[in-house]
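# Summary of the model geometry
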Amino acid sequence: MAAISPPTRRYSAPAWSSWLRTEREFEMSGWGSGYITDIAYIPGFYQAQMQSTMALAALLSGKKARLVGRHEAYHYADIGCGLGMSALIVAAANPGWQVTGLDFNPAHVAAAREMARQTGLSNISFIEADFTNFAESTACQALPEIDTVSMHGVWSWVAPAVQDGILRLLNAKLAAGGLMHVSYNVLPAWRGALGLQRLIREAGLRHGGRSDKQARAGADIAVRLAKDEAGSKFLEGMGNVLLDRIGNLPVPYLAHEFMNRHWAPCFHLDVAERFASAKMVFVGSCQMLDNFPQLSLSEGQRAILQEFDDPGMAELIKDLCMGRSLRNDVFMRGAVPMPLAQRDAALLSMTVALSKPRAECKLEFDTIGGTASLSPSYYEPVFDRLSQGPATIEELLALPDLVGRRDNPAELIGVLMGTNQAVLVPNPGAPMDRRCTALNAASVTQRGGDIGETGIGFAVPALGGGFAIPGIAAIAVLNQQAALSDETPGLVLQRPSPPTIDRWIDQLEPAADDARRGEFMTVFRKFFDEFAPVLNDLGIPC
Ligand SMILES: C[S@@+](CC[C@H](N)C(=O)[O-])C[C@H]1O[C@@H](n2cnc3c(N)ncnc32)[C@H](O)[C@@H]1O
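As a starting point, this report considers the structure included with it. (Residues numbered from 1 in each chain as written. Predicted model: local features only at pLDDT ≥ 70, side-chain atom pairs only at ≥ 80, totals over all residues. Heavy atoms only, no water.)

As a further point, take the overall build of the protein chain. A count of helices and strands for the protein chain gives 22 helices and 14 strands. The C-alpha atoms of the protein chain give 23 Å as radius of gyration, which agrees with the globular expectation for 542 residues (24 Å, within 12%). Over its C-alpha atoms, taken along the principal directions, the protein chain stretches across nearly 65 × 60 × 55 Å. Buried positions account for 57% of the 542 residues belonging to the protein chain. Considering only intrachain contacts with a sequence separation of at least 6, the fraction spanning at least 24 residues in the protein chain is 76%. Side-chain charges of the protein chain comprise 47 positive and 57 negative groups, with the mean position of each set lying 2 Å from the other. (Helix = DSSP H or I, 4+ residues; strand = E, 2+ residues; numbered from the N terminus. Rg over C-alpha atoms; globule rule 2.2 N^0.38 Å. Buried < 20%, exposed > 50% of the residue type's maximum accessible area, 1.4 Å probe, protein only. Contact = heavy atoms within 4.5 Å. Lys, Arg positive; Asp, Glu negative; His and termini not counted. Charge placed at Lys NZ, Arg CZ, Asp CG, Glu CD.)

Looking now at the pattern of salt bridges. Applying the stated rule across the entire model yields 24 salt bridges. Here Arg198 ties to Glu202 by a salt bridge, and the two come within 2.9 Å at their closest N and O atoms. In this pair, Arg198 and Glu202 both sit in helix H7 (residues 194-207), four residues apart, roughly one turn of the helix. A salt bridge links Arg327 to Glu315, with the shortest nitrogen-to-oxygen separation between them at 2.7 Å. Of this pair, Arg327 sits in strand S7 (residues 326-332) while Glu315 is found in helix H14 (residues 311-322), placing the two residues 12 residues apart along the sequence. On the basis of relative accessible area, Arg327 is assigned to the buried category, the value being 1%. (Salt bridge = Lys/Arg side-chain N within 4 Å of Asp/Glu carboxyl O.)

Our focus in this paragraph is the packing of aromatic side chains. Counting across every chain of the model gives 13 aromatic pairs. Pairing Tyr379 with Phe383 gives two aromatic rings, centres 6.4 Å apart and planes at 40°, and the pair type is tilted. Taken together, the residues Tyr379 and Phe383, both in helix H16 (residues 376-386) and four residues apart, mark about one turn of the helix. Accessibility classification places Tyr379 together with Phe383 in one group, the buried group. Each ring, one from Trp504 and one from Phe528, has its centre 6.2 Å from the other, and the planes form 40°; the classification is tilted. Remark: Phe528 occurs in helix H22 (residues 514-537) and Trp504 occurs in helix H21 (residues 498-508); sequence separation between them is 24 residues. The same class applies to Trp504 as to Phe528, namely buried. Here the aromatic cluster, defined as three or more aromatic residues joined through ring pairs, consists of Trp504, Phe524, Phe527, Phe528 and Phe531. (Phe/Tyr/Trp six-rings, centres within 6.5 Å; stacked < 30°, edge-to-face > 60°.)

Taken by themselves, the reported measurements are silent on function.
Laid out in structure tokens, this is it:
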């Protein structure tokens, strides 16, 4: 997507730190149980946090789960919600759901509540809760049973006592059959970065000051030490990867990643054992390809994996072979098997849409065993059909080129989603609405103009969740949607004229010279030629 990012503006540390300076400055304090509390985290949207992603992962492993309609009564909770972006997106896209965001940092809670207030969302509440003892509080007792929980960027970053509190919370509140997503740093992949983290933290602490300054100072020491001509031995694998990226990472991210006292990457088997104490079982990965060892492992690796029949051992072998550094696991509190025919019927009824232009769809993707290739005669017709608009898995399998061939809905949907070429559309036809556009506008404003290359999560009714829109595409979408109202939900928007785009460029960079304007114009044109049709199919008019 780099092609539709702003011509030169980068996802850069200075812009992030100015957001920090103007928005939040906190005193160092001692209430964090080792977790940093003096600077806010970055706003973020993660597909793994969406209920539809968790439900699909569970279904792929043959467990009873379903996509939930946006007007159904349902309770979704985000544990350790940070600035609340994912929770806000879930609430905006699913007006019938109740959404709860929990975090112990009052600055996070205040910012998240303000965002909900500004955008008029009434189906979300943010509770200031320290997980160490929240399960025993009256606020927790008052909380209704939770149907789905997500915990992104929390588990391997907090103290064991906080993890224990989270387990008691889940035991008390997660519904029988409820889904949970948990992300965490994984061993052995992080082994090669253990020294790096410790060095950044220790050097940062000795430097002093606010956590972001400590993290930056610690990272500078790490870079200097690693790059010394005599060479250093404290980096392997992941450590080298991280070191290369460290200068480009937002400083608040660096601080929340490296400056916590109890950060500890984990083996999946140990995490699964902890969640078993809250009666939860592992049912799959939000990274869909990981659910298909035949696509991600070599023949020899699979043969060894098949000598064991417990999922924990399979996951250990996969983590060892694939070097996964971050897991996005799905657990269920009481997983009920679903007969295969029923499971396949559920998958066949699901609607999917392309998440990228047809010309960018690929038949090859990287796996640990090398490059895997999708059959052109099978997948080209699938991409061709999806380039005409969303389709159900049943419709795709009924395409003339596919009939009589691999009649496997799980593999088709798993590959489309796992290669990030398609997304699930749980509410096909649901139009964009004022709740979502208000939140999307506020999200862009929150970034203070630094919209970056990684994209901003836009709330989308048809998706029952969000979609990350990169670079200035987000500006184009917002400007176009200014023409929408609740009275004209299905309105087809006209492509903007060059003078209109010129006005957008004025907003973005009033002092842009002709050459710079030309660059912007090219990027906007490319957006409307290639990416806008994809967004329209996802229910994002633009
Ligand atoms: C890395 S951030 C992740 C935030 C958010 N989930 C995301 O991915 O953007 C971890 C979050 O956990 C919260 N947290 C850490 N320790 C906590 C505790 N003891 N109780 C409640 N929240 C805690 C922090 O305030 C922070 O917002």
